[in-house]
Structure formats: structure tokens, C-alpha cells
Amino acid sequence: MRLLTTLSLGSVMFVQVSSGAGGQAPAKEPSQDAEKLVQNGTAAQLRGEWKTAIEDFRKALALRPDLVEAHVGLGAALVAAGQFDDAIDEDTRALAAAPGNAALGTTLGLAYYRKGDLGRARSQFEAVHLGHPEDLNAAVLLGYTYIRMNRAADAADLLTPLEAGHEADLDLEYVLGYALIQAGRGADGAPKMEKVATARHSADAWFVAATARFGRREFHEASSDAEQALVCDPALPGAHTLAGQAHYAIGKLDLAVPDFQAALRADPRDFTANLYLGILRFDERDFDSARPLLELAIELQPRAPLARLELAKLNAMTGNQPAALAALEELVKTDPEWLDPHVELAALYYRMHRPEDGKREREIVQRLEAVPQKPGAAK
């Protein structure tokens, strides 16, 4: 599932820069100049002019080395500019002079996070959260980090108690929704993701929600969410494929075909789009169109059971019985409880004048049909 692109780290950093204004020394002439430079640096951050912001914050610190907002702003601007080591050095020095400062601790965590040092980022955000449990930004970023570390359940446990009274905080809702989905609680997480998607017109959030709905076999909801993702961003990677799968699942084949075709225009080696469009062409008895799609799907994922089954069915229908037989016998050996290959194999044995083998397979089919099949088993 696509990982968290909706949360704006830049907006979080700006909040932190703005949050430290209280408690500064009474205004003096150098202080006024330094505070003006901080204001200028913050404005440059909002415009994405990181070089200018860095210069302004450094000028402010030359006048007022103790100005916390300037340290926070400089660290955040360095992170945004990709200068992670410089940001870490800056924030570490500043924290030594102002231990326990939440804004500095969070920007240091951001520097580690953006550098890819998730262990140190986690430790830093945990320290800030422990000392400042009311700091929602730090908690959200800690949840973000837990998810990146495959600790979605921890993220959900962390953020769920903080939601009351903060339901309008879309960054919190996004990360909490994502964590719940990843932790297997899609029924709770998908509505939160859809709320964020609606408020932000976010293609990514719609896509995450659609993926969660599809995984829960809520195919009508998944198709609606995937359609919304494509309205927001028609070029969103994977969205046409997911929409096609959802439309296929609810029987809207007239929509599934153009979805998969659009997916293949964007990525001709999209395994799922090749597979499902191949299945659709096979079902239409357009064997010439189905074959290259199914063969490419197997080239992309040679052990994919459904692709192997569909190509075996195509081979059986077009006279290549030896290839079909070999594939089907391997499939039933690999997964003896999967009904569909047994059905196809029984029919093929009879066509090949092997009635005893066909009878054996029919008996297996009857046994399996008496047992409810797991949805999507072996596919």
C-alpha cells in the first residue's frame, strides 16, 4: 500500500517554527532585527525558498545566538533543503543549550527521519512525546515513524487516544487511518482516510482508502474510492489498475476494460492489468488478444497461480493440450485444495480420452464443492 504522502512535513515544520515565539527577552535593537529576520525566514519557508530562509535564520542567530525560533527555523529549512547532516548538527547544538525544547527535538527527529535513520528519529520523537504529550505534531510524526518501521499497531495505539477533540486535524486522521488499515483494522481506518480524501481532494488518500476497501472485499466502495482518486489525479500510479479490479469484481466489465487499458498505457508491464485484461479477452473468446497479455503476466510473475491457470485454460481451448496438462497438474499438486484447476483438469482428461483420470478429478471436484472455498484462494 502506498505510504503516507498526504501529510505535509513542511507544514508541520512551519507550525514548529511559529510555536516558540513566547518567552523571549524584552525587545532591544539587535533583538528586533533578529526577530524581523526570523519573520523573513519563515515567510521564505512558506514560499519554498529554502536558501533564503537558511540565510535569514543564520543572520538572526548571528545577532541573537539564544533565539530558539531561529534555531528551529534553521533546522527545519536545512531539512527541507535536503541538508540533513547540517540540520542534525544545528539541532543537536541548539538542544544542548535548550534541553527539552519540543520544537528543537521535533526538528531533530525530522532531520533523522528524512535522512532515513528511523531508529534515531523514533527515539527523538518518543523523547518529545514523553516530555510533551500534548504536542500533537510530535505524536503524529512518531506514528508516521512507527508505520515506516512496520509497527502500525503501535502507531494506532499511540494516536487513537489523542483523536478525541482533534478530529478536524487531517494530519492526525490520515496517519491514524493509515495505521489502523495496516494493523488490520480497515473497518475503522478506511472511513478516516475517506474523510481526509474528501477534505483535501487527495488522490493518494482516496487510493489508500480504495485499497483498504478492496482488501475487505467491499468492492462497490472500493470502486467508488478508486474513481475519486482518478478524478483527483488521472495519472496516479496504480489507480487505473485498482479501479479495474474493483469494477471487474462487481461485474462492471464495460468499465474494467478501459481501466486496464489505461493502466497498460501508463505501464505496459503492469502484471495485474495484463492478467485481468487477458482474462477478459479470454472470456470474450478473443484468444489472439488474450495470449500475449497472459504470457507477459507469467513472464512478470512466473509462479502466479491465477496467471498460470488462465494460460492453461487458453492452451486447452486452442489445442495445446500438453502445455495445458503440465500446468494444471502442477497447480493441483502445489495447491490440492484449490477447486478451479481440478475442474479444468477433469475436463481436459476427458477430452484427452483418459476417463479414469477424469473420473478421479471429478470426485475431487465434488469433494471440494462440498466445502466452502476461501475467497480468492490460491489466486
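To keep things clear, this report deals only with the structure shown in the data block.

Conventions adopted
- Residues numbered from 1 in each chain as written.
- Predicted model: local features only at pLDDT ≥ 70, side-chain atom pairs only at ≥ 80, totals over all residues.
- Heavy atoms only, no water.
- Axes fitted to C-alpha atoms, helices over the stretch in contact; angles between N-to-C directions.
- Helix = DSSP H or I, 4+ residues; strand = E, 2+ residues; numbered from the N terminus.
- Parallel < 35°, antiparallel > 145°, perpendicular 65-115°, else oblique.
- Left-handed = near helix turned anticlockwise from the far one by under 90°.
- Contact = heavy atoms within 4.5 Å.
- Nonpolar A, V, L, I, M, F, W, Y, C, P; charged D, E, K, R; others polar.
- Buried < 20%, exposed > 50% of the residue type's maximum accessible area, 1.4 Å probe, protein only.
- Phe/Tyr/Trp six-rings, centres within 6.5 Å; stacked < 30°, edge-to-face > 60°.

As a packed pair, helix H20 (residues 339–351) and helix H21 (residues 355–369) sit with axes 8 Å apart at the nearest point and diverge in direction by 155 degrees. The angle between H20 and H21 places the two elements in the roughly antiparallel class. Between H20 and H21 the crossing geometry is left-handed. Here Leu339, His342, Val343, Leu345, Ala346, Tyr349 and Tyr350 of H20 come into contact with H21, specifically with Pro355, Asp357, Gly358, Lys359, Arg360, Glu361, Arg362, Ile364, Val365, Leu368 and Glu369. Across the contact of H20 with H21, the residue classes break down as 10 nonpolar, 2 polar and 6 charged.

Moving on to the side chain of glutamine 124. Looking at the element boundaries, glutamine 124 is found in helix H7 (residues 118–131). A relative accessible area of 17% places glutamine 124 in the buried class. Those residues in contact with glutamine 124 that sit more than four places away from it in its chain are Leu95, Gly105, Leu108 and Gly109.

Moving on, we come to the environment of lysine 59. Within the secondary structure, lysine 59 is located in helix H3 (residues 50–63). Between the C-alpha atom of lysine 59 and that of aspartate 33, which follows or precedes it by 26 residues, the distance is 9.4 Å.

Now for the packing of aromatic side chains. In the structure shown here, the tally under the stated rule is 5 aromatic pairs. Between tyrosine 113 and tyrosine 144, the aromatic rings sit 5.5 Å apart at their centres with planes inclined by 80 degrees, giving edge-to-face as the arrangement. Here tyrosine 113 is found in helix H6 (residues 102–115), whereas its partner tyrosine 144 is found in helix H8 (residues 136–148), with 31 residues between them in sequence. A residue is classified by how much of its surface remains accessible, and tyrosine 113, at 9% relative accessible area, is buried. Overall, tyrosine 144 belongs to the buried group, its relative accessible area being 5%. Taking 5.2 Å as the distance between ring centres and 80 degrees as the angle between the ring planes, the aromatic pair formed by tyrosine 248 and tyrosine 276 counts as edge-to-face. Of this pair, tyrosine 248 sits in helix H14 (residues 239–249) while tyrosine 276 sits in helix H16 (residues 271–283); the two residues are 28 residues apart in sequence, bridging distant segments of the chain. The exposure class of tyrosine 248 is partly exposed, given its relative accessible area of 27%. Note on tyrosine 276: relative accessible area 17%, which makes it buried.

These values are about where atoms sit, not about what they do.
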